[in-house]
Amino acid sequence: MGNFKGHALPGSFFLLFGLWWSVKYPLKYACRKNKNVCYLGSRAGFQRLEFVEGIIKAVFALIGMVAEQFVPDGPHLKLYNYEKKHWDHLMNWQHATMYLFYGISGLVDIVAHGTNALPAAMDRMMLSIAVFIEGFLFCYHLHGRAMLDVHVHQLLLFAIFGAAACIFLEVFFRGSIVLEMLRTSLCILQGSWFWQIGFVLYPPNGSPEWNQTDHTNMMFLTMCYCWHYAFAFLILAVNYTIVSWVVHSKVKQSQSMEMGLLKTSERDHESEEEI
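Notes on the structure follow.

### A short note on the overall build of the chain
When its secondary structure is counted, the chain shows seven helices and two strands. Looking at the chain as a whole, 45% of its 275 residues are labelled buried. Restricting to contacts in the chain with at least 6 residues of sequence separation, those with at least 24 account for 74%.

The structure is reproduced here in structure tokens:
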């Protein structure tokens, strides 16, 4: 959808997944070091989370495809206009294709973590392909558009291809907290930048339009892109700190309970010896 909602929708999807991952991966890392205090630290626990995540991803992708096809000004599954003899709403079709591959990624997650039919690494491989396809489509999404329009979408490509490369590395270095957090930061960046593109190209509520040919606007938005990434790192730092503090508190609480039980056991043993 070439409007504000068409950018807010994928932006919201990426932000939700990025925020979830910013909690999930620090929790997984902390639980891996303190398995005795965290049920989710078990392999089965996180496998269930991956399975549920795949379902949510597939549902989000389906919502995106339906929205792109059946909005009032959408193609309604019509690819070619035979009356006017040209392709029909190719922008919507490209967006729908992007959602299609994320939907396939969700289905692979479901099969890989719900059964033993696929290797576990297939989920990362398919997600890497889905993100690459998104970037590949955007590379040919900008022909003949205004200078500022092209620039803000080109900035998005850095986050997209960076995430695709990062996820591909996870196929071989699964469980690396560094790669997982890098992927999370790029996902948050992508989500927030989709929203920024919406505000720049399709200002809501009658806001003044941006000058599409002003080079200073390009300079500002490049700087703004860096601020978005800094904000993504801030979210990661805050969530990592909170999760680590919660797990550390549970570790101390567990150790205190163990010490209390040990002292009680020692007192009972001494009483039996006196008797």
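### Quick look at the pattern of salt bridges
Evaluated as defined, the whole model comprises nine salt bridges. The partner of Asp149 in a salt bridge is Arg145, with the nearest N and O atoms 3.0 Å apart. Neither residue differs from the other here; Asp149 and Arg145 are each classed as buried. Arg183 is the partner of Glu170 in a salt bridge, and the nearest nitrogen-oxygen pair spans 2.7 Å. On the criterion of sequence distance, the pair formed by Glu170 in helix H5 (residues 147-172) and Arg183 in helix H6 (residues 177-201) is long-range, its members being 13 residues apart. The two residues Glu170 and Arg183 agree in class, both being buried. In the salt-bridge network here, residues are joined through shared partners; they are Lys24, Glu50, Glu53, Asp123, Arg124, Glu170, Arg174 and Arg183.

### A word on a nonpolar patch on the surface
Among the surface-exposed residues, Phe231, Leu234, Val238, Ile242, Trp245 and Val246 lie close enough to one another that they form a single nonpolar patch of about 600 Å² accessible area. When you line up the elements, Phe231 lands in helix H7 (residues 215-274). Exposure remark for Phe231: the relative accessible area of 48% places this residue in the partly exposed category.

### Some remarks on unusual backbone geometry
Even without being a glycine, Leu77 presents a positive backbone phi close to 70 degrees. Tracing the backbone shows Leu77 in the loop between helix H2 (43-70) and strand E1 (80-81). A positive phi angle, near 50 degrees, is found at His89, a position not held by glycine. Within the secondary structure layout, His89 lies in the loop between strand E2 (86-87) and helix H3 (90-114). The class of His89 is partly exposed, set by a relative accessible area of 33%.

### Considerations on the nonpolar core
Proteins that are soluble and globular tend to have nonpolar side chains buried together. The biggest cluster of nonpolar side chains holds 41 residues, and the ones touching the most others in it are Tyr102, Val131, Phe138, Leu156 and Trp193. Of all elements in the fold, only helix H1 (4-33), H2, H3, helix H4 (122-139), H5, H6 and H7 reach the threshold of two or more residues within this core. Look past the residues within four positions of Tyr102 in its chain and what remains in contact with it is Phe14, Lys57, Ala61, Leu127, Ala130, Val131 and Glu134.

### What about the packing of aromatic side chains?
As enumerated under the stated definition, the model contains 21 aromatic pairs in all. Relative to Phe194, the ring of Phe14 lies with its centre 5.9 Å away and its plane at 0 degrees, an arrangement referred to as stacked. Within this pair, whereas Phe14 is found in helix H1, its partner Phe194 is found in helix H6, the two being separated by 180 residues in sequence. Each member of the pair, Phe14 as well as Phe194, carries the same accessibility label: buried. An angle of 50 degrees between the planes, with centres 6.1 Å apart, marks the rings of Phe138 and Phe194 as tilted. Residue Phe138 is located in helix H4, and its partner Phe194 is located in helix H6; the two are separated by 56 residues in the primary sequence. The cationic tip of Arg183 hangs over the ring face of Trp21; the distance from NZ or CZ to the ring centre is 4.4 Å.

### Some details on the side chain of Glu180
For Glu180, the location among the structural elements is in helix H6. For Glu180, which is buried and forms no salt bridge, the nearest opposite charge comes from Lys28, at a distance of 4.1 Å. For Glu180, the residues in contact, after removing those within four places along its chain, are Tyr25, Lys28, Arg124, Glu170 and Gly175.

### Quick word on H6
For an α-helix, 3.6 residues make a turn, and residues three or four places apart therefore share a direction. With 25 residues, H6 should reach 36 Å at 1.5 Å per residue; the first-to-last C-alpha distance of 36 Å fits that figure. With 21 of 25 residues buried, H6 lies mostly within the body of the structure.

### Points about the packing of H3 against H4
Put simply, H3 and H4 touch, their axes get as near as 8 Å, and they point 175 degrees apart. Classified by the angle their axes make, H3 and H4 are roughly antiparallel. Side by side, H3 and H4 meet where Gln94, Thr97, Met98, Phe101, Tyr102, Ile104, Ser105, Val108, Asp109 and His113 of the first sit next to Met122, Asp123, Met126, Leu127, Ile129, Ala130, Val131, Ile133, Glu134, Leu137 and Phe138 of the second. Looking at the contact of H3 with H4, its residues break down into 14 nonpolar, four polar and three charged.

Here is what the cut-offs are and how they apply
- Residues numbered from 1 in each chain as written.
- Predicted model: local features only at pLDDT ≥ 70, side-chain atom pairs only at ≥ 80, totals over all residues.
- Heavy atoms only, no water.
- Helix = DSSP H or I, 4+ residues; strand = E, 2+ residues; numbered from the N terminus.
- Buried < 20%, exposed > 50% of the residue type's maximum accessible area, 1.4 Å probe, protein only.
- Contact = heavy atoms within 4.5 Å.
- Salt bridge = Lys/Arg side-chain N within 4 Å of Asp/Glu carboxyl O.
- Patch = residues over 30% accessible without salt bridge, like charges linked within 9 Å, V, L, I, M, F, W, Y side chains within 5 Å.
- Areas by Shrake-Rupley, 256 points an atom, 1.4 Å probe, with all protein chains shown as cover.
- Core = buried A, V, L, I, M, F, W, Y, C linked by side-chain atoms within 4.5 Å.
- Phe/Tyr/Trp six-rings, centres within 6.5 Å; stacked < 30°, edge-to-face > 60°.
- Lys NZ or Arg CZ within 6 Å of the ring centre and 35° of its normal.
- Lys, Arg positive; Asp, Glu negative; His and termini not counted.
- Expected span 1.5 Å × (residues − 1).
- Axes fitted to C-alpha atoms, helices over the stretch in contact; angles between N-to-C directions.
- Parallel < 35°, antiparallel > 145°, perpendicular 65-115°, else oblique.
- Nonpolar A, V, L, I, M, F, W, Y, C, P; charged D, E, K, R; others polar.

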